[in-house]
Amino acid sequence: DTAVSQTPKYLVTQMGNDKSIKCEQNLGHDTMYWYKQDSKKFLKIMFSYNNKELIINETVPNRFSPKSPDKAHLNLHINSLELGDSAVYFCASSQVGFPRGETQYFGPGTRLLVL
Amino acid sequence: SQQGEEDPQALSIQEGENATMNCSYKTSINNLQWYRQNSGRGLVHLILIRSNEREKHSGRLRVTLDTSKKSSSLLITASRAADTASYFCATDIYNTDKLIFGTGTRLQVFP
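Note that this is a predicted model, so its numbers are computed, not measured.

Reading the values: the criteria
Residues numbered from 1 in each chain as written. Chains lettered and ligands numbered in written order. Predicted model: local features only at pLDDT ≥ 70, side-chain atom pairs only at ≥ 80, totals over all residues. Heavy atoms only, no water. Contact = heavy atoms within 4.5 Å. Buried area = accessible area lost by both parts, 1.4 Å probe. Salt bridge = Lys/Arg side-chain N within 4 Å of Asp/Glu carboxyl O. Polar contact = N/O pair within 3.5 Å; in protein donor to acceptor, adjacent residues only side chain to side chain. Helix = DSSP H or I, 4+ residues; strand = E, 2+ residues; numbered from the N terminus. Nonpolar A, V, L, I, M, F, W, Y, C, P; charged D, E, K, R; others polar. Buried < 20%, exposed > 50% of the residue type's maximum accessible area, 1.4 Å probe, protein only. Disulfide = S-S within 2.5 Å. Pairing = 2+ DSSP bridges. Axes fitted to C-alpha atoms, helices over the stretch in contact; angles between N-to-C directions.

*Asks:* Which residues make up the interface of chain A and chain B, and what values go with them?
*Replies:* One widely used convention gives an interface's size as the accessible area the parts lose upon coming together. With 24 residues of chain A in contact, the opposing surface of chain B contributes 21 residues. Each partner contributes to the roughly 1,800 Å² buried at the junction of chain A and chain B, and carbon and sulfur atoms together form 52% of this total. At the surface where chain A touches chain B, the tally comes to 1 salt bridge. Our enumeration of links across chain A and chain B arrives at 6 residue pairs in polar contact (both at pLDDT 80 or more). Residue assignment for the side of chain A that touches chain B shows that the elements contributing at least two residues are β4 (31-37) and β5 (43-50) of chain A. The biggest single contributor to the side of chain A that touches chain B is β4(A), with 4 residues. Taken together, the residues of the side of chain A that touches chain B break down into 11 nonpolar, 8 polar and 5 charged.

*Asks:* I'd like a description of the pattern of salt bridges, backed by residues and values.
*Replies:* All names here are of chain A. Evaluated as defined, the whole model comprises 8 salt bridges over all chains. Its salt-bridge partner being Glu58, residue Lys44 comes within 3.8 Å of it at the nearest N-O pair. Taken together, the positions of Lys44 in strand β5 and Glu58 in the loop between β6 (53-57) and β7 (64-70) put the pair 14 residues apart, joining distant regions of the chain. Classification of Lys44 as partly exposed rests on a relative accessible area of 38%. With a closest N to O distance of 3.5 Å, Glu82 and Arg63 form a salt bridge. In this pair, Glu82 is assigned in the loop between β8 (73-78) and β9 (87-94) and Arg63 in the loop between β6 and β7, connecting sequence segments 19 residues apart. Look at the salt bridges and you will find they share partners, linking Arg63, Glu82 and Asp85 into a network.

*Asks:* Any details on the state of the cysteines? Residues and values, ideally.
*Replies:* Here the structure, examined in full by the defined rule, presents 2 disulfides over all chains. One disulfide bridge connects A:Cys23 with A:Cys91, the sulfur atoms lying 1.8 Å from each other. Because the torsion about its S-S bond is -75 degrees, the bridge between A:Cys23 and A:Cys91 counts as left-handed. Of the two residues, A:Cys23 sits in strand β3 (residues 19-25) while A:Cys91 sits in strand β9, which places them 68 residues apart along the sequence. The buried category is assigned to A:Cys23, whose relative accessible area is 1%. For A:Cys91, a relative accessible area of 0% gives the class buried. Shown here is the disulfide that connects B:Cys23 with B:Cys89, its sulfur atoms set 2.0 Å apart. The S-S bond linking B:Cys23 to B:Cys89 shows a torsion near 65 degrees; that makes this disulfide right-handed. Remark: B:Cys89 occurs in strand β9 (residues 85-93) and B:Cys23 occurs in strand β3 (residues 19-24); sequence separation between them is 66 residues.

*Asks:* Tell me what's going on with the sheet that holds β3(B), and back it up with residues and numbers.
*Replies:* Residue and element names in this part refer to chain B. The strand order β1-β3-β8-β7-β6 describes an open sheet built from 5 strands, whose pairing is antiparallel. In this open sheet, the two strands that pair with only one neighbour each are β1 (5-7) and β6 (55-58). Averaged over neighbouring strand pairs, the angle between their axes works out to 15 degrees when direction is ignored. Relative to strand β8 (residues 71-76), strand β7 (residues 61-66) runs antiparallel, the two sharing 6 bridges. Following the sheet pairing, Thr64 is matched in β8 by Ser73.

Following this line, the structure appears as structure tokens:
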């Protein structure tokens with residue numbers, strides 16, 4: 001009965017590969033997010049979707065492409081992985097979202113290591 | 001530049017003591033939130049305080065907000081070893097859905 005789940009939990013891959021991270025929420029929320037947390041624990045928003053529509057798209061390289069097949073899922077696809085992409089990626093969801101932020105519920109994170 | 005700056009970066013206390021963490025931000029906000037992150041885990045929401053509120057309580061947590069100084073504090077009273085975690089403030093920038101997280105305070109509570 002996990003509220004926000006992500007798969008995989010760990011991802012180790014070679015530079016240049018393409019990989020996807022999946023996220024699902026069973027809270028019935030309208031808005032979902034992707035965050036990146038670097039080695040210094042700094043957490044930065046990457047994308048947000050509200051009812052399958054892209055709302056926030058921060059200055060993220062276009063190698064990163066989010067896809068929302070329905071409002072319960074927001075997947076993150078990363079092309080041509082680079083060393084600097086190594087980080088923990090968190091998915092989150094919230095009830096209301098844009099234009100007013102409310103409490104966000106976070107998944108457990110996906111630890112990506114690019115070799 | 002990041003919105004939230006937290007102070008101190010790290011805090012070590014004994015069980016039973018109070019822990020105070022501070023957060024400063026730069027622009028107008030709708031609300032300010034505090035989250036906890038245990039090592040290797042996701043963030044867990046603790047408390048949300050709106051821009052028109054000055055103080056809020058939840059169990060052993062007390063949050064204050066001073067919009068004139070653009071600052072907030074989180075007080076954890078009678079701390080426990082289980083409170084050991086990183087604590088982040090997050091500001092919801094006015095008229096956006098963007099939560100900007102601070103750098104976090106690492107709290108260590110010794111039994």
